[in-house]
Structures are given as C-alpha cells and as structure tokens.
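Now for the letters of each chain:
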Amino acid sequence: MSSRSYDLLTLGDPVADLMLRAEQLPPPGGKTVGQWLGVLPGGTTANVACAASRLGMHCAQFGRVGDDPHAQLLRDSLGEYGVATQWLTVQQQAASASSVAILAPSGEKSIIYLPMAAATLDTDALQTALRQSRLVYAMPYDLAELETVSHLARATGTLVAIDLEAAVAPNADEMWRRASLADIVFFNEAGFHKATGCAPSAQVLTEALRLGPSEIIVTLGAGGAIGAVRTSSSRHAAFPAQVVDTTGAGDCFNAAYLSARLRGQPLSLALRFACAAASCVVSALGARHGLPDQGSVAAILAATACTGATS
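Residues numbered from 1 in each chain as written. Predicted model: local features only at pLDDT ≥ 70, side-chain atom pairs only at ≥ 80, totals over all residues. Heavy atoms only, no water.

An unreviewed UniProt entry annotates the protein chain as Carbohydrate kinase family protein originating from Herbaspirillum huttiense subsp. lycopersici. Its UniProt record, at the heading Sequence similarities (unreviewed entry), says of the protein chain: "Belongs to the carbohydrate kinase PfkB family." (UniProt positions renumbered as here; feature names shortened; annotations may be inferred.)

*Asks:* Residues and numbers for the overall build of the protein chain, please.
*Replies:* When its secondary structure is counted, the protein chain shows 10 helices and 14 strands. A globule of 311 residues ought to have a C-alpha radius of gyration of about 19 Å, and the protein chain, at 18 Å, matches this closely. Counting only C-alpha atoms, the protein chain reaches 50 × 45 × 40 Å along its principal axes. With 311 residues in all, the protein chain has 52% of them scored as buried. With an accessible surface of roughly 13400 Å², the protein chain has 54% of that area assigned to carbon and sulfur atoms. Side chains of the protein chain carry 20 positive and 25 negative charges; the gap between the two charge centres is 6 Å. (Helix = DSSP H or I, 4+ residues; strand = E, 2+ residues; numbered from the N terminus. Rg over C-alpha atoms; globule rule 2.2 N^0.38 Å. Buried < 20%, exposed > 50% of the residue type's maximum accessible area, 1.4 Å probe, protein only. Areas by Shrake-Rupley, 256 points an atom, 1.4 Å probe, with all protein chains shown as cover. Lys, Arg positive; Asp, Glu negative; His and termini not counted. Charge placed at Lys NZ, Arg CZ, Asp CG, Glu CD.)

*Asks:* Tell me what's going on with the side chain of S99, and back it up with residues and numbers.
*Replies:* In this fold, S99 is placed in strand β6 (residues 97-103). Classification of S99 by relative accessible area gives buried; the value is 3%. Only 2.7 Å separates the side chain of S99 from the side chain of D17, close enough to count as a polar contact. In this structure, S99 is in contact with V15, A16, D17, L18, I111, I112, Y113 and L114, ignoring residues within four places of it in sequence. (Polar contact = N/O pair within 3.5 Å; in protein donor to acceptor, adjacent residues only side chain to side chain. Contact = heavy atoms within 4.5 Å.)

*Asks:* Give a description of helix α1 (residues 44-54) that names residues and reports values.
*Replies:* Summarising burial for α1: 9 of the 11 residues are buried, a large majority. Where α1 is concerned, the buried positions are T45, A46, N47, V48, A49, C50, A51, A52 and S53. Residues of α1 that are buried sit in contact with β1 (6-11), β3 (34-42), β4 (59-65), α2 (69-80), β8 (133-138) and α8 (249-262). Of the residues flanking the end of α1, it is G56, one or two places downstream, whose phi is positive at about 100°.

*Asks:* Now, about empty space enclosed by the protein: what can you tell me, with residues and values included?
*Replies:* Inspection of the entire model under this criterion finds 1 cavity of 30 Å³ or more. For the largest cavity, the calculated volume is near 50 Å³. The wall of the largest cavity is formed by L40, P41, L285, G286, A287, R288 and H289. Residues of the lining of the largest cavity, tallied by class, amount to 4 nonpolar, 2 polar and 1 charged. (1 Å grid on protein atoms, 1.4 Å probe; cavity = no way out; pocket = protein on both sides within 12 Å on 5 of 7 lines; lining within 4 Å. Points joined across faces, edges and corners; volume = space filled by probe spheres on them. Nonpolar A, V, L, I, M, F, W, Y, C, P; charged D, E, K, R; others polar.)

*Asks:* Could you give me a rundown of the packing of helix α3 (residues 123-131) against helix α4 (residues 143-156), with the residues and numbers involved?
*Replies:* One can describe the packing of α3 onto α4 by two numbers: an axis separation of 9 Å at closest approach and a directional angle of 45°. The orientation of α3 with respect to α4, classified from their angle, is oblique. The handedness of the crossing between α3 and α4 comes out as right-handed. Across the interface between the two elements, T123, L126, Q127, L130 and R131 of α3 pack against T148, V149, L152, A153 and T156 of α4. (Axes fitted to C-alpha atoms, helices over the stretch in contact; angles between N-to-C directions. Parallel < 35°, antiparallel > 145°, perpendicular 65-115°, else oblique. Left-handed = near helix turned anticlockwise from the far one by under 90°.)

*Asks:* Tell me what's going on with the packing of aromatic side chains, and back it up with residues and numbers.
*Replies:* The tally for this structure, following the rule as stated, stands at 6 aromatic pairs. Relative to F187, the ring of W176 lies with its centre 5.7 Å away and its plane at 55°, an arrangement referred to as tilted. Placement of W176 in helix α5 (residues 172-179) and of F187 in strand β10 (residues 184-188) is noted, with a sequence separation of 11 residues between them. Take W176: its relative accessible area is 12%, and that puts it in the buried class. (Phe/Tyr/Trp six-rings, centres within 6.5 Å; stacked < 30°, edge-to-face > 60°.)

*Asks:* Please set out a nonpolar patch on the surface residue by residue, giving values where relevant.
*Replies:* Nonpolar side chains collect at one region of the surface, where I111, Y113 and Y141 lie side by side and expose about 280 Å² of accessible area between them. When you line up the elements, Y113 lands in strand β7 (residues 109-114). (Patch = residues over 30% accessible without salt bridge, like charges linked within 9 Å, V, L, I, M, F, W, Y side chains within 5 Å. Salt bridge = Lys/Arg side-chain N within 4 Å of Asp/Glu carboxyl O.)

*Asks:* Account for the pattern of salt bridges, naming residues and giving values.
*Replies:* It is possible for side chains of opposite charge to pair when their charged atoms get near one another. Using the criterion set out here, one finds 6 salt bridges in the structure. Where R134 meets D7, a salt bridge forms, and the shortest distance between an N and an O atom there is 3.0 Å. In this pair, R134 sits in strand β8 while D7 sits in strand β1, placing the two residues 127 residues apart along the sequence. The pair formed by R134 and D7 is uniform in burial state, with each residue classed as buried. A salt bridge links R64 to D13; the nearest nitrogen and oxygen atoms lie 2.8 Å apart. Here R64, found in strand β4, pairs with D13, found in the loop between β1 and β2 (15-22); they are 51 residues apart in sequence, far enough to count as distant. Of the two residues examined, R64 and D13, each falls in the buried class. When salt bridges that share partners are traced, they join E174, R177 and R178 into one network.

So this is what it looks like as structure tokens:
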C-alpha cells in the first residue's frame, strides 16, 4: 500500500459555491435582503482532497466538470492545492455542479445543491485510479454506484470511506445499506440520528459497527466529535474558534481524520487532530481559504495540550 501513488482518491464532481449572506432565509413567497460574496470552489469530495493535500497527503480527484466558466475555476483550485486531476473529465455542453450557499450571521449555512446530470461511471478508469490509491472517499448519493466502487475497491485492496448526511439517503435502511459497503463511515449528528434514531454515544456507535464498517465517526458541530473502532471508542471536544463560515468544516475534519489514520495514528489522536484542523476552517470565508497545513494544526495542539479528550 505504501508504494501506491496516492494516499487518497476522492470520487465526485467539484462544485462552484455561489456564496450569499443574509440575516435570515426568506419565508415561502417572501423576500429578504442579502449580500453577494462571490463564487468559490467547493464540493464535498473536492474539499476533502484539497484539505488532505494541504496536510501532506498525495491526493487525486475522480469526477467531472462541465465546459462552462466555472470549470476552469474548479480545476485551477484543485491544482493550486496539489490535487492530481488526470481523472477529472470535461463533459461537453454541460454546466459544472454548483450550489447556492446562504450564510446566516452566526456563520451557519443553508445550501441548495445543483448536481450535474447523472452519467455512467467509467469503471476502467476508476479501477486504474483505485490501484494507485490507498483509500477512496465518496459521498454516496447513488447506491448502485457505491456498490460498484466498493466491489472494485475490494478487488484492488483499497479502503473505502464515505460521508453519510441526511440528504444522501431517504431512510435508515438506505443509510445502512451504504454504510455496510464502506470501511470508514462519517456522519454528522443529524445523519446519525436519522440512521439510528439515537443520539451518538460510544455504546450506540460500537453496536452500529456490527452492521459492517470498521470505523464510525460522528461530527457534533460545536460539540466536537465522537468515534468508534472495533477495539475502542473516543470523544473529543471542539477547539475554540471565531466562527465566520462553517462551510467545509466537516470536509476538513474528515480529511484530517483520514490523514491521521493513514499515518497510523490511533482513534483518539486522529479525532483530536481532526477537531483542531476543523477549527481553522470556520474562521475564514469559503470551504478552502482556512485550510491548515501540518504546522498550523501542530501549533493548535501544542497550545491546548491534553485538553478536551475523553475515551
């Protein structure tokens, strides 16, 4: 595995984030005054690739962009973060994926996601990419596609990590069908509650491991994060931060956690590292402007040594 070209292969289409700020969301049929903040590069899996690359991982993106003006922005941003794009294809006469992200004064966001039209997965190219990667990361809206990815990854000895949000699957059964196909599963708190009907706790996470994955991690926003592996569980508090924009914080957390685990760190230290990394992102506008490097995270950890961890 150490001889492979990439630590992390992220699967999905990059997204152009159309950023707005508003005091509140308009009610149905209503109106509110907002502020235009610009078009910023984003997309869950692309953000993870950029964050992991910033933390020293070798990363590649597998997905598509359109042939619209946003496509060059998305491709250039991946390049700026050192993410390989040889498996990022251009779909002619198509718009790149985009989202409308509305920031509240608190920095919390509301998002409307506009995906590209579905397309047949190029399994030959994906298999080539998987052979060169230690781990593949996806947000699996399409169950059939995840089944294909999981099958190919098993054949190539590549680990599978997925991010399950409430929007990804319509019910608990669909959530766990996806989770059973992965080695590492990330939830946010709302997604975990939808999947289990329970608040995340060490006991519930440990029991959920019986459904297939070997690791389950749940991000808790300002509450930090909790995780479980076969032999242990751990929880870590969030690090203090001046919140400007929460966009991309979860993506940075997941990337940092994976980078720590791929470096051989145990669960408790990986959670601590990921919580520290995520605290950097929320202090800047957009998903990538605040992405930290190893030195930045190390400085946070050194300043808050032995704070917040429970196992």
